[in-house]
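Spelled out from the first residue to the last, the chains are:
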Amino acid sequence: MSAWGLTMRGMGDTTAYLRRGIREIICLALFFFTFLACEYLFDVRMAEFVSPNEVVIYESLVIGASVIGFFVRPILYYRRPHAIDATSDVTGVLLVAALLLLIMAVQVEVVIAGGLVACCALGYCGSTAHANFARRFARTPCLARAAALSYAMGVLVQVLNHMVMPVGIPQQAVLVVCAIAQVASSRSEVIRVSAFASMAMHWLPSIIRRFREERPDVDVDIRMADHIRSPYELLAQGKMDVIFVSHQEEESGYEWIHLYDDPMYAVLPKDYPIDGRTGYPLGEFDGRDFIMPAQGFDKDIMRIFNRVGVKPHILPTAVDDPTVISMVEHGLGVSMMTELTLRGRGDGVLLVPVEPKSARELGMAVRAGEGRQASLQQFLECAQTVLTELEPK
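Once that is clear, we can look at the overall build of the protein chain. Along the protein chain, the regular secondary structure elements total 14 helices and 10 strands. Along the longest, intermediate and shortest principal axes, the C-alpha atoms of the protein chain span 95 × 55 × 35 Å. Within the protein chain, counting contacts between residues at least 6 apart in sequence, those at least 24 apart form 80% of the total. As displayed, the protein chain has an accessible area near 19,800 Å², and 60% of this comes from carbon and sulfur atoms. Side-chain charges of the protein chain comprise 35 positive and 43 negative groups, with the mean position of each set lying 2 Å from the other.

So this is what it looks like as structure tokens:
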């Protein structure tokens, strides 16, 4: 392919990225404009009451107040995620009220108070706008171009507002309208997902792709589970909206949605004397050197062994799934893993279904007893639909 062809393709990819993220670009541009315009409005109003040198001091004070808003939003996101929407609504009301106060105030103390509240609220809105922007563009090749476009748009609106709009109420009206638009556009829904590695690898890409086609306005954040209990803990703490896990009866406080019964397979060295059998009796694990998957993910396996009274000799290891398979391949022991975990990894070992047939129950868990947002319900339904296509019964 020619260099011209590569260039044209790169331009097409950039255009597609920018088009998908146009909402985030506009939201950040509105923040740049409202922040600059608010700062200018504060300076103009303060100049009516104090000397130019004092204006600079008070301007620094109110701009510094925006730092509070910038910190509040990430703290809420990680500590009180379900308070984000309510806080955003309150912040929007405070921002508009503070701007109106700045415009109509007749006392210097009221102007200062309005400036402090407005900049603090703008800090919160700016933190939200930057977070949404980063989520959309951080892993794309056009982050710098998108950021430059946002800044240029914001500055251009500021210039046009001063050059085209009459001084006074018309300019102030543009500021208030843009502030309202920024608050409205900065609300971005995010569905937070935690999943076992096998489910994240084989299922979530297809689910998220389908969901994006249905709801391009909703983002999906994924966290891989490093322990079988960690997704349940995150769900209980309100840090996750839905988790893709195996069913654990001892956990409570959640609603379970069944997706798939993931069959167990014996993982054996290639030279294991299977003697033409199509199944591997669970009792044959008894007393054998057994390589257990990473600690925490052994609960599904031990539940099956305890049910049939099998006690293998579990080797003292704490390794991931590919390492377990490699150790079996080199004759260091045997193991038992699920079909989904082994998918695409079993070339160097012998995989035989266990007898009697055993499986781990995979599904989704959401918090019980809570009103469910429409986007989350749509995501759950999308996941169920995609799974019936990926894992037909």
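After that view, the rundown keeps rolling.
Now for the packing of helix α2 (residues 22-47) against helix α4 (residues 84-104). In contact at an axis separation of 9 Å, α2 and α4 are set at 30 degrees when each is read in the N-to-C sense. The angle between α2 and α4 places the two elements in the roughly parallel class. The crossing of α2 and α4 is left-handed. On α4, the residues that touch Cys38, Leu41, Phe42 and Arg45 of α2 are Leu99, Leu102, Ile103 and Met104. Residues belonging to the contact of α2 with α4 are distributed by class as follows: seven nonpolar, no polar and one charged.

Now for the pairing of strand β10 (residues 359-367). Within β10, seven of the nine residues are buried, leaving the element largely enclosed by the surrounding structure. Bridging between strand β3 (residues 242-246) and β10 involves four bridges; their strand directions are antiparallel. Counted as the bridge partner of Ser246 is Leu362 from β10. Two strands pair when backbone bridges link them, and strand β4 (residues 254-268) and β10 are joined in this way by nine bridges, in the antiparallel orientation. In the sheet register, Asp262 faces β10, and the bridge partner there is Arg360.

Spanning 17 residues, helix α7 (residues 169-185) covers 24 Å between terminal C-alpha atoms, matching the ideal 24 Å at 1.5 Å per step. Within α7, burial applies to Gln171, Gln172, Leu175, Val176, Cys178, Ala179, Gln182, Val183 and Ser185.

For the rest of this paragraph, the subject is the pattern of salt bridges. For the coordinates displayed, the defined rule picks out 11 salt bridges. Arg210 is the partner of Glu389 in a salt bridge, and the nearest nitrogen-oxygen pair spans 2.7 Å. On the criterion of sequence distance, the pair formed by Glu389 in helix α14 (residues 374-390) and Arg210 in helix α9 (residues 204-214) is long-range, its members being 179 residues apart. By relative accessible area, which is 48% here, Glu389 ends up partly exposed. Residue Arg210 is classed as partly exposed on the basis of its relative accessible area, which comes to 27%. Between Arg343 and Glu391 there is a salt bridge, with the nearest N and O atoms lying 2.9 Å from each other. One end of the pair, Arg343, is in the loop between α13 (339-342) and β9 (350-355); the other, Glu391, is in the segment after α14, and 48 residues separate them in sequence. One continuous salt-bridge network, built from bridges that share partners, spans Arg192, Asp241 and Arg367.

Its location among the elements puts Ser194 in strand β1 (residues 189-195). For Ser194, a relative accessible area of 1% corresponds to the buried category. A polar atom in the side chain of Ser194 sits 3.3 Å from the backbone oxygen of Arg223. Aside from chain neighbours lying at most four places away, what touches Ser194 is Arg223, Ala225, Pro231, Leu234, Met240, Val242, Ile243 and Phe244.

Moving on, we come to the environment of Val354. Relative to the elements of secondary structure, Val354 occurs in strand β9. Classification of Val354 as buried rests on a relative accessible area of 1%. For the pair Val354 and Phe32, spaced 322 residues apart in the sequence, the C-alpha separation amounts to 62 Å.

Conventions adopted
Residues numbered from 1 in each chain as written. Predicted model: local features only at pLDDT ≥ 70, side-chain atom pairs only at ≥ 80, totals over all residues. Heavy atoms only, no water. Helix = DSSP H or I, 4+ residues; strand = E, 2+ residues; numbered from the N terminus. Contact = heavy atoms within 4.5 Å. Areas by Shrake-Rupley, 256 points an atom, 1.4 Å probe, with all protein chains shown as cover. Lys, Arg positive; Asp, Glu negative; His and termini not counted. Charge placed at Lys NZ, Arg CZ, Asp CG, Glu CD. Axes fitted to C-alpha atoms, helices over the stretch in contact; angles between N-to-C directions. Parallel < 35°, antiparallel > 145°, perpendicular 65-115°, else oblique. Left-handed = near helix turned anticlockwise from the far one by under 90°. Nonpolar A, V, L, I, M, F, W, Y, C, P; charged D, E, K, R; others polar. Buried < 20%, exposed > 50% of the residue type's maximum accessible area, 1.4 Å probe, protein only. Pairing = 2+ DSSP bridges. Expected span 1.5 Å × (residues − 1). Salt bridge = Lys/Arg side-chain N within 4 Å of Asp/Glu carboxyl O. Polar contact = N/O pair within 3.5 Å; in protein donor to acceptor, adjacent residues only side chain to side chain.

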